[in-house]
Amino acid sequence: MDRKIQSALISVFYKDGLEPVVKKLHEQGVIIYSTGGTQTFIEGLGIPCTAVESVTGYPSILGGRVKTLHPKVFGGILARRELAEDLAQTREYEIPLLDLVIVDLYPFEETVKNTTEEKAIIEKIDIGGVSLIRAAGKNHKDVVIVASRSKYADLLALLESGNGNTTLEDRRKFAAAAFEECAHYDVAIAAYFHRAAEGDYFQLSYGNKQSLRYGENPHQAAGFYGDLDELFEKLNGKELSYNNLVDTDAACQVISEFTEPTFAIIKHTNVCGIAVRGNVSDAWDAALAGDPESAFGGVLVTNQTINAAVAAKINELFFELLIAPAFDEDALAVLMSKKNRILLRQKKSFVPVKEYKRILNGVLVQAADTQNFTEWAEEGARPCTDAEKADLLFANIVCKHLKSNAIAIVKDRQLIGKGCGQTSRIDALRHSLDKAKQSGFATAGAVLASDAFFPFDDCVRMAHEAGIMAVIQPGGSVRDADSVNYCKANGMAMVMTRLRHFRH
């Protein structure tokens, strides 16, 4: 059923983009009602409007907390035009009908970001705006509701194309967007009050939808919700894909673990190459050498500025995406030679607080794995050397960022072999030794990290046979003694961290 917009209530916090809408409404003879700063704005355009106070008979009170909460406002929105009884009551109580409501919400999220002062935050919990939105949305059969400045352009287009007439489908679309706006707002408020505590409901709300070309595979539709611009400046390349984003998340998490010059190469969320060195160029060389075959088509990340020298080396490899905190201009000139190559300048470190996963007909929630060990228990034949300790610390972190079952073999803070995503720990170890051999590394003198305990002594036995003399693992097996005793009998250092790092 078509409805002609003949009257409008406009009360907004953000005025940008509002002017052409107001002018079009005035041009179409719409009666405009308004409040406070919005009324001043409209009148400043030379357009007449009626103050809501003159309709309700009440001024804005309680420091602006109560402006529109009145039957003469809500009656005009909620009156059902097809019911004679409703219309009779609007006439009896001199309630003007409202066909369009334009109202947004106080900037609660922005306030939380910019201050910790609770009084200021509480004052930005909107009451009247939410109530007006819900009322107009409920009565969308008769009323158009515009609840965000992001919808001003859509409204203006509708006013121009329909000359002020709207269809039920039009009004339903605006109502859906309005209720979505309210839901997002309420989730933000609930999150503020819960803070670190868990509520009874799983609630997350992200805006800024970005449609992706496809999902994990070409036949899967996909989108990203969130503000990537908060974390990155995109300097070059095609739009990020679903898989690019998944690997970027993994890359940012692993690089956040390091402060010394580090380079990492990510493939299908696993670290396939990583090294710490004295400078970015050497770190790149060592990371690539760890598994040059897997690096093809990978996601690269460093915590150092990309200079021209390292850019020239990187340019020789086909890769999807490079993340760095800064790029020298001459380095960009080299790297931007490929138009589809994605270059991201990382503005700030990213470490998640919680992780979420859809499981069956619900959602799993857990704290992010931000610890590396709770103990440093030397359980082997001898204490590890300083060099071994540095490598074990590095290997333990790397192993944490591999899919389980995972083994990482490290020498001189360079990943030289890894086994990940295996169904048995011994298979993960076999894979890691094979990768080291394939890349031309001798494993004698290397160290080994495991993401979980050794159920038998077969892993330490195989490691020892390969020349590995120091291992790090969580411990916790009922047969820990088997591995400990083997290490003691064969001069191997073993560190138990008491902290498992499963990743599925």
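Residues numbered from 1 in each chain as written. Predicted model: local features only at pLDDT ≥ 70, side-chain atom pairs only at ≥ 80, totals over all residues. Heavy atoms only, no water.

1. A closer look at the sheet that holds strand 22 (residues 470-473)
Okay, so step 1: In space, the six strands of this open sheet follow the order 18-23-22-21-19-20, with mixed pairing throughout. Only two strands of the sheet have a single neighbouring strand rather than two, namely strand 18 (377-378) and strand 20 (415-419).
Okay, so step 2: When strand 18 meets strand 23 (residues 493-496), the two strands line up antiparallel, connected through two bridges. In the sheet register, alanine 377 faces strand 23, and the bridge partner there is methionine 496.
Okay, so step 3: In the packing of helix 17 (residues 425-438) onto the sheet, the strands contacted are strand 19 (407-410), strand 20 and strand 21 (447-450), and the crossing angle to strand 20 comes to about 145°. (Pairing = 2+ DSSP bridges. Helix = DSSP H or I, 4+ residues; strand = E, 2+ residues; numbered from the N terminus. Contact = heavy atoms within 4.5 Å. Axes fitted to C-alpha atoms, helices over the stretch in contact; angles between N-to-C directions.)

2. Observations concerning the layout of surface pockets
Okay, so step 1: The calculated volume of the second largest pocket comes to roughly 470 Å³.
Okay, so step 2: Along its surface, the second largest pocket is lined by 26 residues, and Gly64, Lys67, Tyr106, Asp126 and Gly129 are the ones closest to its centre.
Okay, so step 3: Contributing elements (two or more residues each) for the lining of the second largest pocket: helix 2 (36-44), helix 7 (118-123) and helix 8 (128-138).
Okay, so step 4: Here the residues of the lining of the second largest pocket are counted per class, giving 10 nonpolar, 10 polar and six charged. (1 Å grid on protein atoms, 1.4 Å probe; cavity = no way out; pocket = protein on both sides within 12 Å on 5 of 7 lines; lining within 4 Å. Points joined across faces, edges and corners; volume = space filled by probe spheres on them. Nonpolar A, V, L, I, M, F, W, Y, C, P; charged D, E, K, R; others polar.)

3. Considering the packing of aromatic side chains
Okay, so step 1: Tallying each qualifying case throughout the model produces nine aromatic pairs.
Okay, so step 2: Between the aromatic rings of tyrosine 192 and phenylalanine 193, the centroid separation amounts to 5.5 Å while the plane-to-plane angle is 80°, which identifies the pairing as edge-to-face.
Okay, so step 3: Classification of tyrosine 192 as buried rests on a relative accessible area of 11%.
Okay, so step 4: Aromatic pair phenylalanine 258 and phenylalanine 394: ring centres 5.6 Å apart, planes at 50°, arrangement tilted. Residue phenylalanine 258 is found in the loop between helix 11 (242-255) and strand 11 (262-267), and its partner phenylalanine 394 is found in helix 16 (residues 386-400); the two are separated by 136 residues along the sequence.
Okay, so step 5: Feature note: the residues Phe108, Tyr185, Tyr192 and Phe193 constitute an aromatic cluster, connected by ring pairs.
Okay, so step 6: Over the ring of tyrosine 14 we find arginine 149, and its NZ or CZ is 3.7 Å from the ring centre.
Okay, so step 7: Positioned above the aromatic ring of tryptophan 376, the side-chain terminus of lysine 389 is 5.4 Å from the ring centre. (Phe/Tyr/Trp six-rings, centres within 6.5 Å; stacked < 30°, edge-to-face > 60°. Buried < 20%, exposed > 50% of the residue type's maximum accessible area, 1.4 Å probe, protein only. Lys NZ or Arg CZ within 6 Å of the ring centre and 35° of its normal.)

4. Observations regarding the nonpolar core
Okay, so step 1: With 41 residues, the main nonpolar core has Val271, Ile274 and Ile323 as its most contacted residues.
Okay, so step 2: Apart from the residues within four sequence positions on either side, isoleucine 323 is in contact with Phe232, Thr248, Ala251, Cys252, Val299, Leu300, Val301, Thr302, Leu344 and Gln346.
Okay, so step 3: Within the second largest apolar cluster, 29 residues are counted, among which are Val103, Val130, Ile133 and Ala188. (Core = buried A, V, L, I, M, F, W, Y, C linked by side-chain atoms within 4.5 Å.)

5. Remarks on the sheet that holds strand 15 (residues 342-346)
Okay, so step 1: With mixed pairing, the six strands of this open sheet are ordered in space as 10-15-14-13-11-12. Of all the strands in the sheet, just strand 10 (232-236) and strand 12 (270-276) have a single pairing partner and so form its edges. Neighbour-to-neighbour, the strand axes of the sheet open up by a mean angle of 20°, direction not taken into account.
Okay, so step 2: Bridge analysis of strand 11 against strand 12 gives six bridges, and the strand direction is antiparallel. Of the residues in strand 12, the one forming a bridge with lysine 267 is asparagine 270.
Okay, so step 3: Together, strand 11, strand 12 and strand 13 (299-302) form the strand contacts of helix 12 (residues 280-290), whose direction differs from that of strand 11 by roughly 35°.

6. Thoughts on empty space enclosed by the protein
Okay, so step 1: Taken as a whole and assessed by the stated rule, the structure comprises one cavity of 30 Å³ or more.
Okay, so step 2: By volume, the largest cavity is sized at about 60 Å³.
Okay, so step 3: Together, Leu9, Tyr33, Val52, Val55, Lys72, Val73, Pro96 and Leu98 line the largest cavity.
Okay, so step 4: Listed by contribution, the elements that provide at least two residues to the lining of the largest cavity are helix 3 (52-56) and helix 4 (71-78).
Okay, so step 5: Residues belonging to the lining of the largest cavity are distributed by class as follows: seven nonpolar, no polar and one charged.

7. What to know about helix 11
Okay, so step 1: Here helix 11 spans 20 Å end to end across 14 residues, near enough to the 20 Å set by a 1.5 Å rise per residue.
Okay, so step 2: Most of helix 11 is tucked away: 10 of the 14 residues are buried.
Okay, so step 3: Along helix 11, the residues that are buried comprise Asn244, Leu245, Asp247, Thr248, Ala250, Ala251, Cys252, Gln253, Val254 and Ile255. (Expected span 1.5 Å × (residues − 1).)

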